[in-house]
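Chain by chain, the residues:
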Amino acid sequence: QVQLVESGGGLVQAGGSLRLSCVTSGSIFSTAWYRQARGKQREFLATITRGGSTNYADSVKGRFTISRDNAKNTVYLQMNSLQPNDTAVYYCNVVRWGTLQSYWGQGTQVTVSS
């Protein structure tokens, strides 16, 4: 069974930074970050694969960085130059190795004030 716990959200002013964490378990093929703003559809942000390759949505490329600490089973999303339109609930998602089933964390709120 795969379990995910997200943390690191909060309230910041425009131009500030936050680092989100997602503690994972199980055998993981890939980990991704998504967000969903109020009244909007869920949006893909970034992913890191088992082999370490990364991909980013154009909207966050250059501002957000996904990374991992394998020893701690933790994936991070470093978010810089935050703007009010980054306000959303941020979710991590993992794809399990072998079955390729997808699992979601509970989400963490990020609010950016102007």
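Our subject in this report is the structure included herewith.

Calculation criteria
- Residues numbered from 1 in each chain as written.
- Predicted model: local features only at pLDDT ≥ 70, side-chain atom pairs only at ≥ 80, totals over all residues.
- Heavy atoms only, no water.
- Pairing = 2+ DSSP bridges.
- Helix = DSSP H or I, 4+ residues; strand = E, 2+ residues; numbered from the N terminus.
- Salt bridge = Lys/Arg side-chain N within 4 Å of Asp/Glu carboxyl O.
- Buried < 20%, exposed > 50% of the residue type's maximum accessible area, 1.4 Å probe, protein only.
- Disulfide = S-S within 2.5 Å.
- Core = buried A, V, L, I, M, F, W, Y, C linked by side-chain atoms within 4.5 Å.
- Contact = heavy atoms within 4.5 Å.
- Patch = residues over 30% accessible without salt bridge, like charges linked within 9 Å, V, L, I, M, F, W, Y side chains within 5 Å.
- Areas by Shrake-Rupley, 256 points an atom, 1.4 Å probe, with all protein chains shown as cover.

Another point: the pairing of strand 7 (residues 64-69). Bridge count for strand 7 against strand 8 (residues 74-79) is six bridges, and the pairing is antiparallel. Bridge assignment links Thr65 to a residue of strand 8, and that residue is Gln78. Hairpin connection of strand 7 to strand 8: four residues between the antiparallel strands, including Asn73 at a positive phi of 50°.

Scanning all chains against the criterion turns up three salt bridges. The shortest N-O distance in the salt bridge between Asp86 and Arg35 comes to 2.8 Å. In this pair, Asp86 is assigned in the loop between strand 8 and strand 9 (88-96) and Arg35 in strand 4 (residues 28-36), connecting sequence segments 51 residues apart. Arg35 carries the same exposure label as Asp86, and that label is buried. One network of salt bridges, in which partners are shared, links Arg35, Glu43, Arg63 and Asp86.

This paragraph deals with the state of the cysteines. All told, the structure shown has one disulfide when counted by the stated rule. Residue pairing for Cys22: its cysteine sulfur links by disulfide to Cys92, the two sulfurs lying 2.1 Å apart. Its S-S torsion of approximately 60° makes the covalent link between Cys22 and Cys92 right-handed. Taken together, the positions of Cys22 in strand 3 (residues 18-23) and Cys92 in strand 9 put the pair 70 residues apart, joining distant regions of the chain. Summarising the burial analysis for this pair, Cys22 and Cys92 share the class buried.

Counting residues in hydrophobic clusters, the biggest one holds 25 residues, and the most contacted among them are Trp33, Phe64, Leu77, Met79 and Tyr90. Contributing elements (two or more residues each) for this core: strand 3, strand 4, strand 5 (43-49), strand 7, strand 8, strand 9 and strand 11 (108-113). For this core, the leading source of residues is strand 9, giving four residues. Discounting residues that sit within four places of it in the chain, Tyr90 has contacts with Glu6, Leu20, Tyr34, Arg35, Leu45, Phe64, Leu77, Met79, Gly107, Thr108 and Val110.

Once that is clear, we can look at a nonpolar patch on the surface. The grouping of Phe29, Trp97 and Leu100 at the surface amounts to a nonpolar patch, some 310 Å² of accessible area in total. Within the secondary structure, Phe29 is located in strand 4. A relative accessible area of 33% means that Phe29 is categorised as partly exposed.

This brings us to unusual backbone geometry. Positive phi, normally seen in glycine, also occurs at Asn73, with a value near 50°. For Asn73, the location among the structural elements is in the loop between strand 7 and strand 8. Using a relative accessible area of 41% as the deciding quantity, one classes Asn73 as partly exposed. Phi is positive for Ser81, which is not a glycine, with a value near 50°. By the element assignment, Ser81 lies in the loop between strand 8 and strand 9.

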